[in-house]
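One letter stands for each residue in the lines below.
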Amino acid sequence: MKKLLKYLFSLEKKTKKGLTGYEWVVLAYMAFTFVLVALGWSRLPNAEMLAWGRIKVLAITLAMWGAYRMLPCGLMRVARAVVQMSLLSWWYPDIFELNRLTPNLDHIFASWEQTIFHCQPALLFSQVMSHGIFSELMCLGYYSYYPMMLVVSVAVLMVKREEFERSILIILGSFFIHYIIFIFLPVAGPQFYYEAVGMDKIAQGVFPNLHDYFNLQQIRMECPGYKDGIFYALVEQAHQAGERPMAAFPSSHVSICVVLMLIAWRNRLRIVFWALMPFAVLLFFSTVYIRAHYAIDALAGLVSGTLCYFFLVWLTSLRKWK
């Protein structure tokens, strides 16, 4: 702890002059999506807002870099990472605006689900396992996604500080890779699609093409489960605050969870890894239980998370990290 405090509050003798790797990742995503906004300007009702939002992110990033240059210490390095991680809550709903450029694909994914499993797991899971305790465990697993990012990031900072910025890059890079997928693969997920189509048709295996329906309607069904539960309420609040009919395939919850677990393992944070494992397992199943994702979304999240992690580890190995 003393070493950490010394790192945070001591001025650095050798400062980093330029932006960090993860800040360049943010700016690359910002530039890429700015081009999309420009190309689709006439078709995006909030194009001006999207453009100004990106300019604000650029200003915030440069301001944090300037603050670090004036006060070069570990605390400012951590603050820069915290700011970019916090901005993910702004980038996520931003995807929905860009989704307006492409038609909805839920009918295809629901059909694949039916073909593979001969049913809709997201429809039946909560009905078969409806007990309040099980419901709360599922909601606990789903909500643990947020503290897991904090726990792993802080653990790396405390135990293997030289890997902190690289770990933040891997986490942010994984998010933005998935955000790009979500932009071009608009799948709303069962909680929106089932509500739009009607549960009777879904149960009968009828999956109509909704085209651009979600551009006009964003009605989401409530999560199934024990409605008086503490964790149920937390999940519902999180969904009401920022959930949109988008970003279902692959499951970023599952994918980022995989990335976090691999970061913990690679940095030899064995206690953290095994302590988080039960939550990771619960999280995987909870994405289907609360109807946020199709089962194929969760399975694809395992694959995409693994691929993102090893790709970004390889990418960051091409240069020396300090």
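Residues numbered from 1 in each chain as written. Predicted model: local features only at pLDDT ≥ 70, side-chain atom pairs only at ≥ 80, totals over all residues. Heavy atoms only, no water.

A. Quick look at the nonpolar core. The biggest cluster of nonpolar side chains holds 99 residues, and the ones touching the most others in it are W91, Y179 and Y193. When residues of this core are assigned to their parent elements, the largest contribution, 11 residues, is made by helix α10 (residues 164-184). Setting aside anything within four residues of it in sequence, one finds Y179 in contact with Y29, L88, W91, Y92 and I95. (Core = buried A, V, L, I, M, F, W, Y, C linked by side-chain atoms within 4.5 Å. Buried < 20%, exposed > 50% of the residue type's maximum accessible area, 1.4 Å probe, protein only. Helix = DSSP H or I, 4+ residues; strand = E, 2+ residues; numbered from the N terminus. Contact = heavy atoms within 4.5 Å.)

B. Geometry of helix α11 (residues 190-197). When you tally the buried positions in α11, you get six out of eight residues, the bulk of the element. Listed in full, the buried residues belonging to α11 are P190, Q191, F192, Y193, Y194 and V197. Check the buried side of α11 and you find it contacts α6 (106-117), α7 (121-128), α12 (199-203) and α13 (230-242). G198 lies just past α11 and shows a positive phi near 105°.

C. Just the packing of aromatic side chains, in detail. Inspection of the entire model under this criterion finds 26 aromatic pairs. Taken together, a centroid distance of 5.0 Å and an interplanar angle of 90° make the contact between F273 and W274 edge-to-face. F273 sits in the buried class, given a relative accessible area of 11%. A cation over a ring is seen here: R270 above W265, with NZ or CZ 3.8 Å from the ring centre. (Phe/Tyr/Trp six-rings, centres within 6.5 Å; stacked < 30°, edge-to-face > 60°. Lys NZ or Arg CZ within 6 Å of the ring centre and 35° of its normal.)

D. A look at the pattern of salt bridges. By the definition in use, this model includes eight salt bridges. Among the ionic pairs, E12 bridges to R77, the shortest N-O distance being 2.6 Å. Of this pair, E12 sits in the loop between α1 (2-9) and α2 (21-39) while R77 sits in helix α4 (residues 74-86); the two residues are 65 residues apart in sequence, bridging distant segments of the chain. Among the ionic pairs, R266 bridges to E163, the shortest N-O distance being 3.2 Å. Of this pair, R266 sits in helix α14 (residues 252-266) while E163 sits in the loop between α9 (145-159) and α10, placing them 103 residues apart in sequence. With relative accessibility at 34%, the residue R266 sits in the partly exposed group. A residue is classified by how much of its surface remains accessible, and E163, at 14% relative accessible area, is buried. Among the ionic contacts, a cluster of salt bridges with common partners joins E12, R77 and E165. (Salt bridge = Lys/Arg side-chain N within 4 Å of Asp/Glu carboxyl O.)

E. Representation of the packing of helix α8 (residues 132-143) against α9 in the model. Orientation of α8 relative to α9, taken along the N-to-C sense of each, is 45°, at an axis distance of 4 Å. Comparing their axes, α9 and α8 come out oblique. Contacts from G141, Y142 and Y143 in α8 reach Y145, Y146 and P147 in α9. By residue class, the composition of the contact of α8 with α9 is five nonpolar, one polar and no charged. (Axes fitted to C-alpha atoms, helices over the stretch in contact; angles between N-to-C directions. Parallel < 35°, antiparallel > 145°, perpendicular 65-115°, else oblique. Nonpolar A, V, L, I, M, F, W, Y, C, P; charged D, E, K, R; others polar.)

F. Representation of the environment of A264 in the model. Looking at the element boundaries, A264 is found in helix α14. A264 sits in the buried class, given a relative accessible area of 0%. C-alpha of A264 to C-alpha of R80: the two residues are 184 residues apart in sequence and 21 Å apart in space. Contact partners of A264, with chain neighbours within four places excluded, come to L269, V272 and F273.

G. Main features of unusual backbone geometry. Omega for the bond connecting F249 with P250 falls within 30 degrees of zero, at -10°, which places this linkage in the cis form. Counting through the fold element by element, P250 comes out in the loop between α13 and α14. Notably, H118 is not glycine yet its phi reads approximately 60°, a positive angle. Even without glycine at this site, A247 takes up a positive phi of about 55°. Among the secondary structure elements, A247 is positioned in the loop between α13 and α14.

H. Layout of the side chain of D94. Inspection of the secondary structure assignment puts D94 in helix α5 (residues 88-99). Not counting the four nearest positions on each side in its chain, D94 is found in contact with L50 and R54.

Note that every value here comes from positions in space, so none of it alone points to a role or purpose.
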